[in-house]
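A look at the structure
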Amino acid sequence: MKIDLEYLKAELNKEVTEHRYIHSLGVADTAKQLAARYGADPLKAEIAGILHDFTKFWPKEKLAQYIRQYQELAQDLLDYNAELWHGPVASIVIQERFAIHDEEVIMAIRYHTSGREQMSLLEKVVCLADYIEPSRQFPGVEEIREMAKSNLDEALRMAFDGTIQLLIKKKMKIYPLTVKARNDLVGGND
Ligand code: DGI
Ligand code: FE
Ligand code: FE
């Protein structure tokens, strides 16, 4: 894939806050390492990491407009928390803006927040990197970082569990794909 990573970073830098920029480069770096460890494409992981939060600061209404306009995006997103919208929208915007047409990269960005059932290796790597990149600090993150060294699925299951627990605590809805993603990572019939 012919792509200028420095250009992508410079464009991201104009679009998001300093904090979010540092987070995104952290995700890119962590995703690249996880990709190397688990056999995904490190360059695709890096690209998806850089761009995954590209539309994080777009106004809610603009994100909602994109979702309504692009029927390939799940329309039921609009019934759930607006924090779920930036990944799907970014997965469209990067195609137009940077001529990125790699389906794996597009899907890794699209599902980085919600997850889904049957996640690809690259989707898992980017989603997990988003939780554990070096600047992330929350109770339990060290335990997930440790698990990420040996078991990708189990680390991601722990990450989703944390998010689901938080949503319940805040009395928020859980997007069904997040539940499916989480169930998929639990082995057996339990
Ligand atoms: O964009 P980031 O802050 O780096 O991280 P993210 O894209 O994973 O998550 C954004 C937030 O979305 C996350 O803190 C929790 C919130 N959220 C709201 N409803 C849901 C949800 N996250 C998931 N996975 N599922 C939901 O239903
Ligand atoms: Fe995000
Ligand atoms: Fe992120």
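Please read these numbers as outputs of a predicted model, since none were measured by experiment.

Near ligand 1, the surroundings consist of 18 residues, among which Lys-56, Thr-113, Arg-136, Tyr-175 and Thr-178 are the closest. Between ligand 1 and Lys-56 there is a distance of 2.7 Å, counted from an oxygen atom to a side-chain nitrogen or oxygen. Measuring from an oxygen atom of ligand 1, one finds a side-chain N or O atom of His-112 at 3.1 Å. Burial of ligand 1 by the protein chains amounts to 86% of its free accessible area of 570 Å². Structurally, ligand 1 is housed in the largest pocket. Where the shell around ligand 1 is concerned, the elements lending two or more residues are helix 2 (18-38) and helix 9 (152-169). The residue inventory of the shell around ligand 1, partitioned by class, reads five nonpolar, seven polar and six charged.

For the rest of this paragraph, the subject is the coordination of the iron ion (ligand 3). The protein atoms donating to the iron ion (ligand 3) are His-23 (NE2), His-52 (NE2), Asp-53 (OD) and Asp-130 (OD), with metal-donor distances spanning 2.2 to 2.3 Å. Linear spacing of the donor residues for the iron ion (ligand 3) on their chain is H-x28-H-D-x76-D. Between the iron ion (ligand 3) and the iron ion (ligand 2) the interatomic distance comes to 3.5 Å, and Asp-53 is a ligand of both metals. Linking His-52 in the loop between helix 3 (42-51) and helix 4 (60-69) with Asp-130 in helix 7 (residues 121-132), this pair joins segments that are 78 residues apart in sequence. As far as burial versus exposure is concerned, His-52 and Asp-130 are alike and both buried.

Relative to the helices and strands, Asp-184 resides in helix 10 (residues 176-184). Judged by its relative accessible area of 38%, Asp-184 falls in the partly exposed class. C-alpha separation for the pair Asp-184 and Ala-36, spaced 148 residues apart in sequence, amounts to 23 Å. Here Asp-184 is in contact with Glu-117, Gln-118 and Met-119, once residues within four sequence places are set aside.

In this section: the pattern of salt bridges. Taken as a whole and judged by the stated rule, the model has 20 salt bridges. Between Glu-104 and Lys-44 there is a salt bridge, with its nearest N and O atoms 2.6 Å apart. Of this pair, Glu-104 sits in helix 6 (residues 103-110) while Lys-44 sits in helix 3, and the two are 60 residues apart along the sequence. Accessibility expressed as a relative area gives 38% for Glu-104, which makes it partly exposed. Residue Arg-157 pairs with Asp-161 through a salt bridge whose shortest N-O separation is 2.6 Å. Of the two residues, Arg-157 and Asp-161 both sit in helix 9, four residues apart, roughly one turn of that helix. For Arg-157, a relative accessible area of 18% puts it in the buried group. Using a relative accessible area of 14% as the deciding quantity, one classes Asp-161 as buried. One network of salt bridges, with partners in common, ties together Glu-11, Lys-14, Glu-15 and Arg-97.

Rules used throughout
- Residues numbered from 1 in each chain as written.
- Chains lettered and ligands numbered in written order.
- Predicted model: local features only at pLDDT ≥ 70, side-chain atom pairs only at ≥ 80, totals over all residues.
- Heavy atoms only, no water.
- Near = heavy atom within 4 Å.
- Polar contact = N/O pair within 3.5 Å; in protein donor to acceptor, adjacent residues only side chain to side chain.
- Areas by Shrake-Rupley, 256 points an atom, 1.4 Å probe, with all protein chains shown as cover.
- 1 Å grid on protein atoms, 1.4 Å probe; cavity = no way out; pocket = protein on both sides within 12 Å on 5 of 7 lines; lining within 4 Å.
- Sits in = over half its atoms within 2 Å of the grid points.
- Helix = DSSP H or I, 4+ residues; strand = E, 2+ residues; numbered from the N terminus.
- Nonpolar A, V, L, I, M, F, W, Y, C, P; charged D, E, K, R; others polar.
- Donors = N, O, S within 2.8 Å, 3.2 Å for Na, K, Ca; no water.
- Buried < 20%, exposed > 50% of the residue type's maximum accessible area, 1.4 Å probe, protein only.
- Contact = heavy atoms within 4.5 Å.
- Salt bridge = Lys/Arg side-chain N within 4 Å of Asp/Glu carboxyl O.

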